[in-house]
Amino acid sequence: MSETFTTKESSHSATGGDTAATATRRADAEGVDGGVGLTALLVAAARAIETHRHDSLAQDVHAEHFVRAAPASADWPVRIGQVPEGDDNPLWGRFARYFGLRTRVLDDFVLGSVLDGSRQVVLLGAGLDTRAFRLDLPSDCVVFEIDRAGVLAFKHQVLTDLSAAPRVKRVPVPVDLRADWVTALTTAGFDPAAPSVWLAEGLLFYLPSPAETYLIDTVDRLTTGGSALAFEAKLEKDLLAYRDSAIYTATREQIGIDLLDLFDLGPRPDSAGHLTAKGWSTSMRTPFDFTRRHGRGPLPEPNDALEGNRWVFAHKPGP
C-alpha cells in the first residue's frame, strides 16, 4: 500500500485529517499529496516508527524526513512514543508494524537475489523506497525506481536536502505505469538479458485485473533465467466485508485515507499460478508466517483486514 499507481477517481468522505482527506479524493494526484501517492507517506511513517523501535526489523533513517516534508503528513507520528495509545493504536501500532515486517522480508528477498547473481533491482511503483540508500548491495548493482514524475521529484528534493547519497547506482524512471514504462526502463539502461530482481510492493491491489496480468506478463517477458519477483496480493473475495475492520477504520478516521476506495474491488487474477504456468517456481506465504519467524509483527485477529494478504516469491529458473 505504498506505491503510486492509481486507476480511478476517489469519491469517499473520510473523517479526520482534513488535509489528507481532501488530498485522498484527488486520486490521480501527480505527487504524494493525494490518491495512492498519499499511501507512500503512510508507509514512510510506518518505516520511521519501525526504525526507532528498540526491536526494529528494518532501518530507514530517511523515512521520517519524507513524512515531515509533505504538508499532508507533517503532523503524523514518526515514533511510537508519539502515539497516545502506543501499540494499541490499530494504525500506528499493528498496521505500522505490518509495514515494518514487509520491509524487512522484501529487504531479505532483494539481498538473497543479489547473492544469487542478480545485479539489477527494479522497483515497480517505487514510491518513497530507499533501498538504494539502505541496503548493503554490491557496488555493481543498479536500482531502477519506476514511479510518477511527481513522486520521484518529491523524493529527490528531500534526499537532496539531506545530502543523502545512494550506495549503488540509482536510476529514477519517471513514468506512469499506465504509460509505456517498458520503453522508459530499457532506455534508462535496463538489460533484459541480465538477471534481475523485481519488487511490486503494495501495488497490485490498486490495479484492475487485466492491468495486473499485463504487468506480470511483461515482467516475465523482460526477465531472463535466474531472475526473481516478489509481490503482494490480496485474496479476499469481498474487500468491502472488511470495511469496519480496525485497520481500515483507523486509517480513515486518523489520517483520512480510505484504502478501500483506492483498491480495485474487482476479482483478482491468480498471478502466482500464472507465473507457475510460465515455468517460474513460486511460493505464497502469509505475513503471519514471518511474524512467527521474526517474533515481531501482526498476528491474526477477528475481522482482520490483513487476513487475505499474501506475499508471493517467484524465481525464474536459469538456463
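Residues numbered from 1 in each chain as written. Predicted model: local features only at pLDDT ≥ 70, side-chain atom pairs only at ≥ 80, totals over all residues. Heavy atoms only, no water.

Caption draft 1: Examining the overall build of the protein chain more closely. Of regular secondary structure, the protein chain possesses 12 helices and seven strands. Relative to its length of 319 residues, the protein chain is compact, with a C-alpha radius of gyration of 18 Å against a globular reference of 20 Å. The principal-axis extents of the C-alpha atoms in the protein chain amount to approximately 55 × 45 × 40 Å. The buried share among the 319 residues of the protein chain stands at 59%. Across the protein chain, the fraction of contacts at a sequence separation of at least 24, relative to all contacts at a separation of at least 6, is 76%. Summed over its atoms, the accessible surface of the protein chain is roughly 12100 Å², and 53% of this surface lies on carbon and sulfur atoms. (Helix = DSSP H or I, 4+ residues; strand = E, 2+ residues; numbered from the N terminus. Rg over C-alpha atoms; globule rule 2.2 N^0.38 Å. Buried < 20%, exposed > 50% of the residue type's maximum accessible area, 1.4 Å probe, protein only. Contact = heavy atoms within 4.5 Å. Areas by Shrake-Rupley, 256 points an atom, 1.4 Å probe, with all protein chains shown as cover.)

Caption draft 2: Representation of the environment of Gly35 in the model. In this structure, Gly35 sits in helix α2 (residues 35-51). Under the relative-accessibility criterion, Gly35 is labelled buried at 0%. For the pair formed by Gly35 and Asp87, sequence separation is 52 residues and the distance between their alpha carbons is 27 Å.

Caption draft 3: A look at the pairing of strand β5 (residues 228-234). Within β5, seven of the seven residues are buried, which leaves it mostly tucked inside the rest of the structure. Residues of β5 alternate between two faces, with Ala228, Ala230, Glu232 and Lys234 on one and Leu229, Phe231 and Ala233 on the opposite face, all of them buried. Where strand β4 (residues 196-200) meets β5, four bridges bridge the pair, whose relative direction is parallel. Bridge pairing links Val197 to Ala228 in β5. Regarding the hand of the β-α-β motif, the stretch spanning β4, helix α8 (residues 209-222) and β5 is right-handed. (Pairing = 2+ DSSP bridges. Right-handed = clockwise from strand over helix to strand, strands pointing away.)

Caption draft 4: Up close: the packing of aromatic side chains. Evaluation of the coordinates by the stated rule reveals 16 aromatic pairs. Seen in terms of ring centroids, Trp76 and Trp92 are 5.9 Å apart; in terms of plane orientation they differ by 50 degrees. Their pairing is tilted. Of this pair, Trp76 sits in the loop between α3 (63-69) and α4 (90-115) while Trp92 sits in helix α4, placing them 16 residues apart in sequence. Among the residues examined, Trp76 registers a relative accessible area of 5% and is labelled buried. With 5.6 Å between their ring centres and 45 degrees between their planes, Tyr98 and Trp311 make a pair best called tilted. Residue Tyr98 is found in helix α4, and its partner Trp311 is found in strand β7 (residues 309-315); the two are separated by 213 residues along the sequence. On the basis of relative accessibility, which here comes to 0%, the residue Tyr98 falls in the buried class. Of the residues examined, Trp311 reaches a relative accessible area of 2% and is grouped as buried. Here the aromatic cluster, defined as three or more aromatic residues joined through ring pairs, consists of Phe95, Tyr98, Phe99, Phe109, Phe290, Trp311 and Phe313. (Phe/Tyr/Trp six-rings, centres within 6.5 Å; stacked < 30°, edge-to-face > 60°.)

Caption draft 5: Broad picture of the nonpolar core. In terms of nonpolar packing, the biggest core is built from 71 residues, with Leu42, Trp76, Trp92 and Phe95 touching the most fellow members. If you tally residues by element for this core, the top one is α4, at 12 residues. In terms of nonpolar packing, the next biggest core, distinct from the first, is built from 30 residues, Val171, Val175, Leu203 and Leu275 among them. (Core = buried A, V, L, I, M, F, W, Y, C linked by side-chain atoms within 4.5 Å.)

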